[in-house]
Every structure is written in C-alpha cells, then in structure tokens.
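Structural features, examined
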Amino acid sequence: MNIFLVLFFIVWILGWLINIRLSLIKNAKFLRFFIPTLFGFVILLMWEFLVLGLNINPVLLPPPTAIALKFADSLDILWIDFVQTLIKGALSGYILGCGAAILTAIAIDKFNFLKRGLLPFGNFVSALPIVGMAPIFVMWFGFDWESKCAIVVVMVFFPMLVNSVQGLELVDHSRQDLMKTYNASYTQTLFKLRLPSALPFIFNGLKICSTLALIGAIVAEFFGSPIKGMGFRISSEVGRFALDMVWAEIFVAALAGCLFYGLISLIEKQLTFWHPSNQK
Amino acid sequence: MKRLIINNSILPILTILLFIVIVWYLAAIPMNSEKVTRQFKNLSFTEHVEKTWNLKKPKLPTPHQIVNEIINTTFYKKISSKRSLVYHGWITLKATLAGFILGTFLGIILALGIVHNRAMDLSVMPWVIASQTVPILAIAPMIIVVMNSVGVTGLLPKAIISMYLSFFPVVVGMVKGLRSPDQMQIDQMRTWSASPNQLLWRLRFPSSLPYLFASLKVGIAASLIGAIVGELPSGAISGLGARMLAGTYYGQTVMIWSALFAAAFLAASLVFFISFIQNYTLRKMAILR
C-alpha cells in the first residue's frame, strides 16, 4: 500500500461524503454548479493518484497533470489543428449543411407530397452510419478540409431537415388563421409567424448537429488529411503512443464542443424568450 | 389511422427513391467520364455513357454495380471466407450487439442511481449532459490501441466504444422515463403502502418503458457507428469498417459502397428489430393501442 493509493481512497471517501452532505441542502442555487464541479475535480484527483499509485505506465494512461502540461506546452500545434479541423472543416460544413437543410425545409413545406416522401426518408438516413461515407468524400474532394466540410454537410443535413420540417408543420392553426384574416402574404406569414414559431425545433436540430459536425470532421481525417488537423494528430500520435497529446486534443475537442453548444443555447434563449420552457 | 398514414406515404417515398436513383445515374456520367476518355478512344455518346456506368474502379459506382457486388459477396462467397460480406458484417454486428447490451445495462443502472440518489443526480447528471456535446468518437482510436497493447484485442475494445456511445441516450431517456409518473400516481402507490421496490417495479419501471425504447433505437444506431469507427484505426482486418478502409487503400470504390450499404442495411434492421419489440411490448402492456 503506497501513499498515493491511500490518498486515492481518502479523496474518494471525502469527495463522496462532501457531495452527499451538500446534496442534502435544499434550494441552494450555487450548489447546482458547485456539486458537479466538485465531482469532476474529485474524479481528476482520483485519476491522478490511481495512475501514480498503481504505477500505470504513463504511455497507456497519462495522469491529468501530464496532460495539462502537454496542453500548455503545445498550444501552437493545438491551435493549428483547431483551425484546420473545427473552423475550416466542421464550422463551414455545419453552416452550409444546416443552412441548406433549413432552406430545403421551407421549400418542401409547400408541397405535402414531397414532405411525406422526404420525412420518412430523412428519418431513415438520420439513423444510418453516414460517417462511413468519409472515405468516399476524401476520395472525391481531396485530403484537405473540403472533404471534411462535405462529410459534415451530409451528416448534419437530414437531422436538421427533419427538425425544421417538424417545426414548420406544428404552427398553431388559430394563429395561422389570424394571419389570414390580416391578409398576410406567404412571405409575411413565413417570416412573422412560422419561422419564429419553428425556432425551438430548429435550435434543437442545431444542437444535435453541433456534435455531429465535430465527429464528422474528426473521423474524416482518419481517412486522410494534410499533416495537420485534430483527427490526423489523434491517429498519428496514437501510433507513436504519445497519449498525452491525444488527451490534449480530446480536451480541445470537448472544450470546443461544450462552448459551441453553450453558444447555441445562449442564442436560443435570446431568440425564443417567448417559449414556455424559457419562462419561469 | 397509422396504417392510413403508411399507405399514404408509400407513393411519395417511392417517387423520392426513383428520383434519387435517376440523379445517381446522371451524376455518374460526368464523374466517371474523365476516366473513360482516358481508357477508351473514339466512343459514340451512348457507348461512352454505358462505359461510365460500368467502370471497374469508378469514382461513383452506379447502383447496379453496388447491388451486383453485394449479391456476389453475400450469396456467392462462403460465409467463412474473408471476401464474404456476411463474414465482415457478422464481426461488426457482434461488437455492436455486445456494446449495445453492455451500454444499455450500464445506462439503466446509472439512471436508477440518479433517480434514487439526490447526490448522484446533482453530481453525475450534469456530466452526462455535458458529455453529449463532446465528440466521443475521437477517443475511439486511443481506446483500441491502448487495449491492444494491454493484450485485449478483437471484440472487446470495439464493444467498449459502442457501449460508450449507446449508454448516454439510455441514461437520459431512462431518467426522464423513471421520473415520468406524476405525483398523483406516486401518492396512490403510497396509500397502498408500497415498498420502494414495489414503487420501482410496479410504477416507475413500467412507465419508463416508452422512453427506454425510444432511447434504445438511438442507442443501437450509435453503437453500430461506434463499432464501425472502432474498426478504422490500427489496421483491423475484419469488419465493415475495415472493409471501407481497405477499399480506400486500394481504390476499390465499389467495395466501399457495398460495405456502406451493408452497414445501412444493418442499421435499418437493428432499428426495425427494436421497434418490433417496442410495438409488441407496449401493446401487451396496453400503453400502445
């Protein structure tokens, strides 16, 4: 029994007890943030002590401190990869794919026939492993970010389409009738009533797609990329057993994913302030 | 009512499918014609078009080439042969199912903990939600390589990735489902002096089933993706993902597309299978009529 293992168990039991204690306090607002933060911190500490205590080879599972050091050490590489994969690949594909899907949704919303044909089809395609198309797109559009953008477009298109069409469809009939009595034109109804009331659904789609876009861009790089990019770095550093770098990349991906998601939620709160779920 | 909707959608769906096939064939002409002009000289237009549809390593294979390849590698190869699509599909399916079952159990247990223990609810749930926003698949190559170097190979590493992907939807759905009985129903159970166990098994669990099935459908699609991506790195030699990778290396586009179609077929039948059990169970429980 060495000192680190003892520390491991002490941290475990202390963290456990504190969290149970804290969760018994009712209606304290700051706890909503404090408890999960503490939980995450305790897990990190336990990870650190376990790796040190059991003498786990840092090649297999690096301790968090090593990952943090590597992260601080290679900020420039991480930034290059971040721009290559997330800004050029994922973000451009995300904007193109989601934009095209919303426009398509508006277009097919006019035709009931198309809607009935495309919706089941879209639902079906949403469940398919589209990531598998990555090698084909790499072949068509080359190794650089264009192919990543293309795969992201295809991945986000159908979930986004299904959500937008559903949103446009579920407009309250009495409101639509009201617009009619105002003698509103199609575009007026679209922009003043239907699109705003479809926003909760559109944002739901945007949130689902944000993760898909990151996954698509990273996985597509496993099939070939220039010598930069997060997927490239992950697969090549894994080959060299430099797992601290891999964890650093994963940390970047996680951070970017959370920030992006948070940003979308923030915009959603601003735009759909009228929705019951945002009113207390 | 439901049957009516299905019948009403068949014609539109078929139209869309037909449209896609036509666009596919038309798109194959410009995409492959460069290769045709390089290989053949002095072709008439119809010959040229016909050649673009039947190239050996086309940029975009046509549907009939893919169907032919699938039929060839499914029915005319021995199942145990390395060239059989059934063989590769089975490898992927095994990992998918193992991961899915593990993930479902883990998800249900975690959800039970979250619903019954306030400390766990407050500490774990935010992380479960946060982890949904993280591109988990990026970890896949690392898990495979690390487990390989510890000596764990084959099915298990892939199953773990599948498990990781499939357990999140189950946790989220199950927590929602276990909390779906309203206060009145819970009070009713109390007036019958039901024990916590009885409350769980007679009220909470049955009313969570619709939510569970909805999550299972998402989960099984996710675990198939996990298994396929798990086959990509570290030179896996069997499985649908490995077949796609091999296809990329050797420029065998028809092989990639046929693996892709096989994966799509697997995904569709797995989701269909879950919906079948869902319909059967929910109908027996009189939740669905």
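Here the residue index of a chain counts from 1 through its sequence in written order. Lettering of chains starts at A and numbering of ligands starts at 1, both following the order in which they are written. Local features are withheld for residues below a pLDDT of 70 in this predicted model, meaning they are given only at 70 or higher, and side-chain atom pairs are given and counted only at 80 or more; totals for whole chains, interfaces and linings count all residues. Only hydrogens and water are set aside; all other atoms, that is, all heavy atoms of the structure, feed into the side-chain values.

Each assigned domain of chain A is listed here: domain 1 (3–56) and domain 2 (71–278). A C-alpha centroid distance of 35 Å is found between domain 1 of chain A and domain 2 of chain A. Reported domain spans reflect what an automatic or database domain assignment gives.

Any pair of Phe, Tyr and Trp rings, taking the six-membered ring for Trp, is counted once the centres come within 6.5 Å. Such a pair is stacked with planes under 30 degrees apart, edge-to-face with planes over 60 apart, and tilted for the rest. Evaluated as defined, the whole model comprises 17 aromatic pairs over all chains. Between W24(B) and F261(B), the ring centres sit 6.1 Å apart and the planes meet at 55°, which makes this aromatic pair tilted. Note that W24(B) is positioned in helix α1 (residues 2–39) and F261(B) in helix α11 (residues 253–284), a separation of 237 residues in sequence. Connected via pairs of aromatic rings, a cluster forms that spans F137(A), W140(A), F141(A), W24(B), W257(B) and F261(B). Cation over ring: K110(A) sits above Y186(A), and NZ or CZ is 4.4 Å from the ring centre. Put simply, DSSP marks the helices as runs of H or I at least four residues long and the strands as runs of E at least two long, and each gets a number from the N terminus on. As a reminder, the over-ring test applies to NZ of lysine and CZ of arginine, requiring each to be within 6 Å of the ring centre and within 35 degrees of the ring normal.

Another aspect to go through is the interface of chain A and chain B. Each partner contributes residues to the interface: chain A has 48 residues there, and chain B has 53 residues. Once two parts are put together, the accessible area they lose, assessed with a 1.4 Å probe and summed over both, is termed the buried area. At the boundary of chain A with chain B, total buried surface from both sides reaches about 4,400 Å², with 84% on carbon and sulfur atoms. When residues of chain A are sorted by the area they lose upon contact with chain B, P129(A), M139(A) and W140(A) head the list and together hold 14% of the total. Any pair of N or O atoms that falls within 3.5 Å is considered a polar contact. Within protein, one atom must be able to donate a hydrogen and the other to accept it, and sequence-neighbouring residues count only if both atoms are side-chain atoms. Across the chain A-chain B interface, the total number found is zero residue pairs in polar contact (both at pLDDT 80 or more). For the side of chain A that touches chain B, the secondary structure elements donating two or more residues are α1 (3–24), α2 (31–53), α5 (112–126), α6 (134–141), α9 (186–221), α10 (230–239) and α11 (243–271) of chain A. With nine residues, the top contributor of residues to the side of chain A that touches chain B is α11(A). Residues are grouped as follows: Ala, Val, Leu, Ile, Met, Phe, Trp, Tyr, Cys and Pro are nonpolar; Asp, Glu, Lys and Arg are charged; every other residue, Gly included, is polar. Its residues placed into classes, the side of chain A that touches chain B shows 38 nonpolar, seven polar and three charged. Contact definition: two residues touch when any of their heavy atoms are within 4.5 Å.

So, about the domain arrangement of chain B. All names here are of chain B. Taken domain by domain, chain B comprises domain 1 (1–43 + 55–60) and domain 2 (85–284). Summarising the inter-unit geometry, the C-alpha centres of domain 1 and domain 2 are found 33 Å apart. With six residues of domain 1 at the contact, the number on the domain 2 side is seven residues. Summing both partners gives a buried area of about 470 Å² for domain 1 against domain 2, and 57% of it is carried by carbon and sulfur. Together, W24, K57 and P58 form the three largest contributors to the area buried by domain 1 at its contact with domain 2, with a combined 68%. Should a side-chain nitrogen of Lys or Arg be within 4 Å of a carboxyl oxygen of Asp or Glu, the pair is scored as a salt bridge. Taken together, domain 1 and domain 2 are joined by zero salt bridges. Our count for the contact surface shared by domain 1 and domain 2 stands at one residue pair in polar contact (both at pLDDT 80 or more). Partitioned by chemical class, the residues of the side of domain 1 that touches domain 2 number three nonpolar, no polar and three charged.

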